[in-house]
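Observations on the three-dimensional arrangement
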Amino acid sequence: MDPEAYLADVDVSSDRAVDFLDARELPPPEPLQETMNRLADLDESTVFVQLNDRVPQFLFPKLDDQGIVYETVETDDGVVTAMWRPSS
């Protein structure tokens, strides 16, 4: 599936570039570590999308601490969390 298709139910601008991580096969804590590594370089023009097999509950406080906006939706493929930096 096209990563942009996962954003259909998320309230984020469609003109942003998409960085995508399919974390469904990664054992803990790799999804969290890989997500945090990618978010370190995330700019305001990109949305980072993580597809996981469960809700990434340990990720949410870290996103809040960094001021990253996020939205999580459950799909037939898994749990999609879109993360982005708010525009200045």
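If you check an unreviewed UniProt entry, the protein chain appears there as DUF2249 domain-containing protein from Halobellus litoreus.

Our next topic: unusual backbone geometry. Each neighbour pair has its own omega, and for Pro-28 with Pro-29 the value is 5 degrees, a cis peptide bond. Counting through the fold element by element, Pro-29 comes out in the loop between β1 (17–22) and α1 (30–39).

Moving on, we come to the sheet that holds β1. Here we have four strands laid out as an open sheet, ordered β1-β2-β4-β3, and mixed in their pairing. Unpaired on one side and paired on the other, β1 and β3 (69–74) mark the two borders of the sheet. Each neighbouring strand pair of the sheet contributes to a mean axis angle of 20 degrees, computed without reference to strand direction. Taken together, the six bridges between strand β2 (residues 46–52) and strand β4 (residues 79–84) define a ladder with antiparallel strand orientation. Counted as the bridge partner of Phe-48 is Met-83 from β4. Lying over the sheet, helix α2 (residues 59–66) contacts β3 and β4, oriented at roughly 155 degrees with respect to β3.

Conventions we followed
Residues numbered from 1 in each chain as written. Predicted model: local features only at pLDDT ≥ 70, side-chain atom pairs only at ≥ 80, totals over all residues. Heavy atoms only, no water. Helix = DSSP H or I, 4+ residues; strand = E, 2+ residues; numbered from the N terminus. Pairing = 2+ DSSP bridges. Axes fitted to C-alpha atoms, helices over the stretch in contact; angles between N-to-C directions. Contact = heavy atoms within 4.5 Å.

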